[in-house]
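Here are the chains, one letter per residue:
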Amino acid sequence: MTELVVRPLADAFMQVGVYVAVMVALFGWLRWRHGDTVTDALARRRRMGPVAGALLGVSPGCGGAIILMPLYARRKVSFGTVVAALVSTMGDSSWVVLAWNPVFALQLHALLFAVGLATGYVVDALGIDPARSARPRRARRPLATSAARPSPPVGVRAFGGLLPRAPTSTAFWGLTTPAFALSVPVVFQLVDPAMLTLGGVDPYLALGLLGTVTAVLIFAAGRGRLADDSLETARPQSLAATLRHSAHEASFVTVWVAVAYLGWQVLTTTTGFDGSQLALTGLLGVLVGAVVGLVPGCAVQIVFTGLYVSGGLPLPTLVANAISQDGDALIPLAALRRRSALVATVITTVPAVTVGAALLVLL
């Protein structure tokens, strides 16, 4: 039972969750201190839009891409800028590869940046912009930013969701701090985990299981919403808000990684299936990865990326999915410019299939 259930649940927190929490908190702090720097410069230099779009999109999580959407709705940035961000972003699934293998993650994100940049400039060069040709719409209430309305009370997220309340967030970080300190030497094989056992209790498994359970509670309190980011969380108003959002996002990722890890462990243990029997190889795999990327939100993409980390998917399939997926950024775009969102998500599948097929030839 320990190897079948407990260990994959513990690994989800110890191998992914703690690193996601630390990195999300770091990026959240940078957004809190410098959130408007890039976007303000972007509004002044429209020709550099795809560059900034690709940079914002390739940043881990969805916040970077999300903050572009109201700028596009107000005609401050081009449609190519939006497409560059959507192609470049892996959404919250980027945390999975970052925690698993930072060097590989850097290489993958460099590829996403290059593809996003090229696609964005091609879109602008071709003059594609659904909003330009759309029939004028009656003025509607804009998607509020934190500057336009007061911050929601503690525990309330934008779009009707919930951030973890202070006690739950405190418990999460109370577990994350020692778990991170223990995970680093264990995951990077600097110490034998058996040497850390005290009184028959394995601290790695204990902290990992408690961390995953806490993540599930936070996930449930947030109603398991797929859209984790919003304009407010992309621009947190305080360090406390940053930590609460970090706990929520890390919990969101941890839960879905735990689903992937546990499901894969149960499948391989009970059936002997090791992934080599999957049909997600070759061109079919590339097409499947690109089609899965069309699903809005991050949950499905996190599970898909978790399958790659577990050895269940080939690299071209992962890359096709990474390019095709739009993360949570597509949701506010759909709320502001529905036609543009539809066109954008279709466009992102073109470089996804192209690059994925190219990797099949090169690898």
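The structure displayed is predicted, hence computed values, not measured ones.

A closer look at the overall build of the protein
For the protein, the count of helices and strands is 19 helices and zero strands. A total accessible area of about 15900 Å² is found for the protein, and carbon and sulfur atoms account for 68% of it.

Quick word on the environment of Leu112
Mapping Leu112 onto the fold places it in helix H8 (residues 102–125). The buried category is assigned to Leu112, whose relative accessible area is 0%. For the pair Leu112 and Leu55, spaced 57 residues apart in the sequence, the C-alpha separation amounts to 9.8 Å. Aside from chain neighbours lying at most four places away, what touches Leu112 is Val58, Val87, Ser88, Met90, Ala322 and Ile323.

Section: helix H7 (residues 93–100)
The element H7 is largely enclosed, with a buried count of seven among its eight residues. Within H7, burial applies to Ser93, Ser94, Trp95, Val96, Val97, Leu98 and Ala99.

Description of the pattern of salt bridges
Going through the model one piece at a time under the given rule, you end up with one salt bridge. Among the ionic pairs, Asp129 bridges to Arg75, the shortest N-O distance being 2.9 Å. On the criterion of sequence distance, the pair formed by Asp129 in the loop between H8 and helix H9 (130–133) and Arg75 in the loop between helix H5 (69–73) and helix H6 (79–88) is long-range, its members being 54 residues apart. You can call Asp129 buried: its relative accessible area is 8%. On the basis of relative accessibility, which here comes to 37%, the residue Arg75 falls in the partly exposed class.

Quick notes on helix H14 (residues 282–292)
When we look at burial in H14, the residues that qualify are Gly285, Val286, Gly289, Ala290 and Val292. Along the long axis of H14, the arc covered by the buried residues comes to 165 degrees, so they all point the same way. Tucked inside the fold, the buried residues of H14 contact helix H15 (299–309), helix H16 (315–324) and helix H19 (349–362).

As for the side chain of Thr89
Relative to the assigned elements, Thr89 resides in the loop between H6 and H7. From its side chain, Thr89 meets the backbone nitrogen of Gly91 in a polar contact 3.0 Å long.

Considering the nonpolar core
If you look at the biggest cluster of nonpolar residues, it comprises 87 residues, and the most contacted ones within it are Leu86, Leu108, Phe172, Val253, Val257, Ile323 and Leu333. Of the residues forming this core, the biggest block, 13 residues, is contributed by helix H1 (residues 2–34). For Leu333, the contacting residues outside a window of four places in its chain are Met69, Tyr72, Val82, Leu86, Arg338, Ser340, Ala341 and Ala344.

Re the packing of aromatic side chains
Scanning the entire structure with this criterion turns up nine aromatic pairs. Taking the centre distance of 5.7 Å and the plane angle of 20 degrees together, the rings of Phe104 and Tyr308 count as stacked. Here Phe104, found in helix H8, pairs with Tyr308, found in helix H15; they are 204 residues apart in sequence, far enough to count as distant. Neither residue differs from the other here; Phe104 and Tyr308 are each classed as buried. With a centroid separation of 5.8 Å and 90 degrees between ring planes, the pair formed by Phe172 and Trp173 is classed as edge-to-face. No difference in accessibility class separates Phe172 from Trp173, as the two residues are buried. Every member of this aromatic cluster is reached through a ring pair, and the members are Phe13, Phe172 and Trp173.

Criteria and thresholds
Residues numbered from 1 in each chain as written. Predicted model: local features only at pLDDT ≥ 70, side-chain atom pairs only at ≥ 80, totals over all residues. Heavy atoms only, no water. Helix = DSSP H or I, 4+ residues; strand = E, 2+ residues; numbered from the N terminus. Areas by Shrake-Rupley, 256 points an atom, 1.4 Å probe, with all protein chains shown as cover. Buried < 20%, exposed > 50% of the residue type's maximum accessible area, 1.4 Å probe, protein only. Contact = heavy atoms within 4.5 Å. Salt bridge = Lys/Arg side-chain N within 4 Å of Asp/Glu carboxyl O. Arc of directions from axis to C-beta. Polar contact = N/O pair within 3.5 Å; in protein donor to acceptor, adjacent residues only side chain to side chain. Core = buried A, V, L, I, M, F, W, Y, C linked by side-chain atoms within 4.5 Å. Phe/Tyr/Trp six-rings, centres within 6.5 Å; stacked < 30°, edge-to-face > 60°.

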